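# Fold and contact review
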Amino acid sequence: MQKRLKRIGGFFSSMRFGIALLVVLAAACALGSFLPQGYALDWYLNRYPARTAALIYGLGLDDVFHSLWFLVLAVVLCCNLLLCNLLHLPGVIRRWKNAGDPAAVPECPEVSLDGVPSPKEVFTRMHLPAPREAERDGRKMLFSAKSRIGVWGAWVCHLGIFLLIVGFILGQATKTEYTVYGVPGQTKQIEGTDLSVTIDAFDIDHTENGSVQQYTTRLTMHRGAEAQSGTARVNAPASLFGYRVYQNSTGSAAKLTVTMDGNVQQEEVVCVGESVSVLQTPLVLTLEAYEEEYYDAGNGQKLPGFAYSTSYMGQVDRAGVQVAGDTALRYGSVEISFSEPQNYTLLQIKRDRYTPLVLLGGLVTLLGLLLAFYLQPSRVWALETEGGGWTVCGAGPRGNAFFADLLREAAGKTPENREKQEESR
Amino acid sequence: MLQMESGLFTATIMIYVAAMILFFLFIAFKREGLARVAIFVQAAGLVIHTAALICRGIGAGRLPMTNQYEFATSFAWGLSLVSLIFILRFKFPMLGAFAIPVTILIIGYAAMQSKEVRELMPSLRSSWLGVHVSTAIIAYGAFGISFVLGIIFLLREKMRDSEFWNRHVPSRDKLDLISYRSVCLGLLFLSFTMITGAIWAEQAWGSYWSWDPKETWSLVTWLVYAVYLHLRIRRGWRGKAAAIFAVIGFICVLFTYVGVNTFLPGIHSYA
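A few points on the structure. (Residues numbered from 1 in each chain as written. Chains lettered and ligands numbered in written order. Predicted model: local features only at pLDDT ≥ 70, side-chain atom pairs only at ≥ 80, totals over all residues. Heavy atoms only, no water.)

## Quick look at the overall build of chain A
Basically, it comes down to this: By the criteria applied, helices consist of DSSP H or I runs no shorter than four residues and strands consist of E runs no shorter than two, each listed in order from the N terminus. Only C-alpha atoms enter the radius of gyration, while the globule expectation follows 2.2 Å times N to the 0.38, with N the number of residues. For this analysis, residues touch if any pair of their heavy atoms sits within 4.5 Å. Values of accessible area rely on a 1.4 Å probe in the Shrake-Rupley scheme; residue burial ignores everything except the protein chains shown.
Summing up its helical and strand segments, chain A has 10 helices and 19 strands in all. Over its C-alpha atoms chain A spans a radius of gyration of 36 Å, topping by over 25% the 22 Å that the globule rule assigns to 425 residues. Along the first, second and third principal axes, the C-alpha atoms of chain A reach 120 × 60 × 50 Å. Of the contacts made within chain A by residues no fewer than 6 positions apart, 54% connect residues no fewer than 24 positions apart. Of the roughly 23,200 Å² that chain A leaves accessible, carbon and sulfur atoms contribute 54%.

Here you go:
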């Protein structure tokens, strides 16, 4: 049983399994980017043959990145990384210790150069720290090593990716997200919370050329008697009550006025796309769009126009455009009109406690990559020979053909140098 | 300033073409002096290219990295820069003969894009723009070089007996190692790109990762190169297999850049 568990553990922590997971994840990501995501079954049935659509829907390919199997892949990758790091930790510590230990130099080094008269210069030319004196088999030895920390590169990188994925999964599972929109002066309750938001001001800054430079919402968030104020701009969210408030987008809004026999019965701001019940009856009015320069064929002028539609008991009733100063609809003595066009602000309110973990994971991954790629450990040692000369040896990054060249050059043992030496002799 | 940029951009293309011809003459006539001149001409092209980008930046009043034209010309600049660094660092002029045609293809793609200067939308008015896009340029440039090295490696297999090739192209081990180093550089900078992009997206859109096609394909590219690095360790995938993988990896890079914009529009449609 123990053997079997060990074998299973070995398989799950293996690089072979890790590579297979990376390949499957890459394929899943590619698939998710090609297949249109997030539509209803009918949409896929219209677009693909019935069997393909059923397959897409059945396998969760309509929402790859939020499907259970994709989550399982990510969790399994996490396990692979964690097990891999745990099992390799003793080996990494050993290699790290050995990299700076003169007694641990290999018997058969990658490079061995005989007859070097002055080994200290070799260490200097190789940009190594001043060598330590040691002894090996009764012979004097000079040893120096650099970039030992590079041994940790892959390990740190794996740890970073592990933290990143764990943070991402936890964040997705626990984050809370709300959307609030409105015009200055309005207070909106955030559904499902004890919070409400008052929009104090909303400004749109323009450049000299007239294009939008920045959207700014000043807001106050309330929790019971407590209140916190802040400013949300694009690229600069506000932080209130542990929530981040993002300036998401904007749109048009207008004041809706409903009068009966000339008396105002209902007055409120309606945003484009928003529907309101008229005088609490089954008649529902929707502000469909606002056009600043709507061409009114009646008087041949360009005037602000409000496009609207109404429905009664769920059935579409009327649709049309009301130009500024006119009345949109009349139902007997009831008159409905839009006026005072303005901009509303749309805010996204979010809390994801695990974002810092994801950021930490990203930074640790970068550190790991830097260590692995640019701080590869190398060791150089020189052994005194009986004749008084030195044999210089070195062990560089695995498979690094340039390390041997560098060491030969530092020791003056390049083929060209050798030819010159022989000629001078 | 923008007119000057247009002139400098055209001059850059012409100088790169001249450098390419000189590199080809170097191969045809096997004269090392021609390689030295070609490197010098490419370096001059890079200087003019840099000046063109600076003029564009001054003319537009922002970093020239926000639309298809600007990113393509910056990508070509990154490729030219990384290739020159590798040529000089590894004393490998033959690399220029293969890298400069790719640079010309990319700058040619830039020439086909609209050069109109548009005002930036508010979300792009961020100091993260410079960090995020410039790291992407270096990453793409480095992956471009690994692709070129992969091609050279595969050609070297066929030219094994040519004395000229043996003299001017590093040994297979070294060629493989240079390619590996360019992949390492690319992967490091791609990781920087993704992380800085995530931080920026969190500030601008409230979500550090949205599975937007550009993000997704950056991840696919990252995964492909991660597989490449693991296969090198696990199975000793070096030489020919690694060269083929480097070519495949760059196809992913190109798809992330051009393919995603063409076939899979998303929130990165401007880049």
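There is more to say after this.
## Remarks on the interface of chain A and chain B
Note the following rule: Buried area, as used here, totals the accessible surface that two parts lose on assembly, with accessibility defined by a 1.4 Å probe and the loss added over both. Every case where a carboxyl oxygen of Asp or Glu lies within 4 Å of a side-chain nitrogen of Lys or Arg is listed as a salt bridge. Think of a polar contact as two N or O atoms within 3.5 Å of one another; within protein, one of them needs to be a possible hydrogen donor and the other a possible acceptor, and neighboring residues in sequence only count if both atoms come from side chains.
Counting residues at the interface gives 50 residues for chain A and 49 residues for chain B. Contact between chain A and chain B buries roughly 4,300 Å² in total, counting both sides, with carbon and sulfur atoms accounting for 69%. On the chain A side of the contact with chain B, N235, F373 and F402 of chain A bury the most area, a combined 16% of that side's loss. The interface formed by chain A and chain B holds two salt bridges in total. Where D405 of chain A meets K174 of chain B, a salt bridge forms, and the shortest distance between an N and an O atom there is 2.1 Å. Taken together, the links from chain A to chain B amount to 11 residue pairs in polar contact (both at pLDDT 80 or more). Elements represented by at least two residues in the side of chain A that touches chain B include exactly α2 (15-34), α7 (153-174), β7 (212-223), β10 (243-260), β17 (334-351), α8 (355-374) and α9 (401-410) of chain A.

## Re the packing of aromatic side chains
Heads up, the condition is: Side-chain rings of Phe, Tyr and Trp, where Trp is taken by its six-membered ring, are said to pair if the distance between their centres is within 6.5 Å; with planes under 30 degrees apart they count as stacked, over 60 as edge-to-face, and otherwise as tilted. Under the scheme applied here, a residue whose accessible area is under 20% of the maximum for its type counts as buried, over 50% as exposed, and between as partly exposed, the area being computed with a 1.4 Å probe on protein chains only.
As enumerated under the stated definition, the model contains 44 aromatic pairs over all chains in all. Ring geometry for Y39 of chain A versus W43 of chain A: centroids 3.9 Å apart, planes at 10°, classification stacked. For W43 of chain A, a relative accessible area of 27% gives the class partly exposed. Aromatic side chains F86 of chain B and F90 of chain B sit 5.5 Å apart centroid to centroid with 45° between the ring planes, which places their arrangement in the tilted category. For the pair formed by F86 of chain B and F90 of chain B, the shared burial category is buried.

## Considering helix α5 (residues 128-158) of chain B
For clarity, the threshold we go by: What a helix should span is 1.5 Å times the count of its residues minus one.
With 31 residues, α5 of chain B should cover 45 Å at 1.5 Å per step; its first-to-last C-alpha distance of 46 Å lies within 8% of that length. Burial runs high along α5 of chain B: 24 of the 31 residues are buried.

## Quick look at the pairing of β17 of chain A
All names here are of chain A. Heads up, the rule is: Whether two strands pair depends on DSSP finding at least two bridges between them.
Alignment of strand β4 (residues 176-182) against β17, held across seven bridges, turns out to be antiparallel. Paired with E177 across the strands is K350, a residue of β17. As judged from the three bridges shared by strand β16 (residues 329-331) and β17, these two strands associate in the antiparallel manner. Opposite R330, over in β17, you have E335 as the bridge partner.

## A look at the pattern of salt bridges
In total, this model carries 20 salt bridges over all chains according to the counting rule given. R223 of chain A is the salt-bridge partner of D194 of chain A, the closest N and O atoms lying 3.5 Å from each other. Here R223 of chain A lies in strand β7 and D194 of chain A lies in the loop between β5 (187-189) and β6 (195-206), a separation of 29 residues in the sequence. When the shortest N-O distance is used, the salt bridge between E163 of chain B and R167 of chain B registers 3.2 Å. One end of the pair, E163 of chain B, and the other, R167 of chain B, are both in helix α6 (residues 163-168), four residues apart, so they sit about a helical turn from each other.

## Topic: the sheet that holds strand β13 (residues 283-296) of chain A
All names here are of chain A. Quick note on the threshold: Every angle, taken between N-to-C directions, lies between 0 and 180 degrees, and every axis is a line fitted to C-alpha atoms, over only the stretch in contact when it is a helix.
One open sheet holds the four strands; their spatial order is β12-β13-β14-β15, and the pairing between them is antiparallel. Of all the strands in the sheet, just β12 (275-277) and β15 (315-323) have a single pairing partner and so form its edges. Between one strand axis and the next, the sheet turns by 25° as a mean value, whatever way the strands run. Summarising the sheet, β13 and strand β14 (residues 301-312) pair through 11 bridges and their orientation is antiparallel.

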